[in-house]
Amino acid sequence: GDNPIVIECRKVETGGVFRCASDGKTEIIHSLKFIPTYDPVTGARCLLVNETDVSELSSARTEQRELLAETKVKEKFLTAVSHELRTPLNGIIGLSDSLLNDPSVSSSVRRLVQVIRSSGQQLNVLVGDLIDTAAMSNKTFLISKAD
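Report follows, based on the coordinates. (Residues numbered from 1 in each chain as written. Predicted model: local features only at pLDDT ≥ 70, side-chain atom pairs only at ≥ 80, totals over all residues. Heavy atoms only, no water.)

With that out of the way, let us pick up the side chain of Asn-124. Here Asn-124 lies in helix H2 (residues 107-137). A distance of 3.1 Å separates polar atoms of two side chains, one belonging to Asn-124 and the other to Asn-90. Apart from the residues within four sequence positions on either side, Asn-124 is in contact with Arg-86, Leu-89, Asn-90 and Ile-93. (Helix = DSSP H or I, 4+ residues; strand = E, 2+ residues; numbered from the N terminus. Polar contact = N/O pair within 3.5 Å; in protein donor to acceptor, adjacent residues only side chain to side chain. Contact = heavy atoms within 4.5 Å.)

Under the 1.5 Å per step criterion, the end-to-end length of H2 is 45 Å for 31 residues, consistent within 8% with the ideal 45 Å. Those residues of H2 lying buried are Val-113, Gly-120, Asn-124, Val-127, Gly-128, Ile-131, Ala-134 and Ala-135. (Expected span 1.5 Å × (residues − 1). Buried < 20%, exposed > 50% of the residue type's maximum accessible area, 1.4 Å probe, protein only.)

Time to look at the environment of Val-81. The topology assignment puts Val-81 in helix H1 (residues 55-101). Separated by 46 residues in the primary sequence, Val-81 and Val-127 place their C-alpha atoms 8.9 Å from one another.

See the structure below:
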């Protein structure tokens, strides 16, 4: 048979009335496909018409594209913030280690520094989890065997 002919109708408002247009700029709301074929009984040439309302499908695709764009923005933000948090946290943990290794630090100050170090380590684990979550979303997460 011959190639099918496809007509796509686009919704255009003119004076409160919606009509079909083929301007290529508006959303497709209806699709008609004309397929040249032969009648299986008589053998006569005929057209098979496939009519599809794609307005809901089109709006679902638009929503999906918007959600994907929003998700990418959130992932980039999450990654950037996580990396910006990790640097000062490592500084806090490192300075805490230095103070804990200093013999001139009193026991009362040492207890406070241990709390600071422990809190910094807990936050560092959370930041690492955020980075891992973003990596999984970007499909760049690597799993390695623990020693």
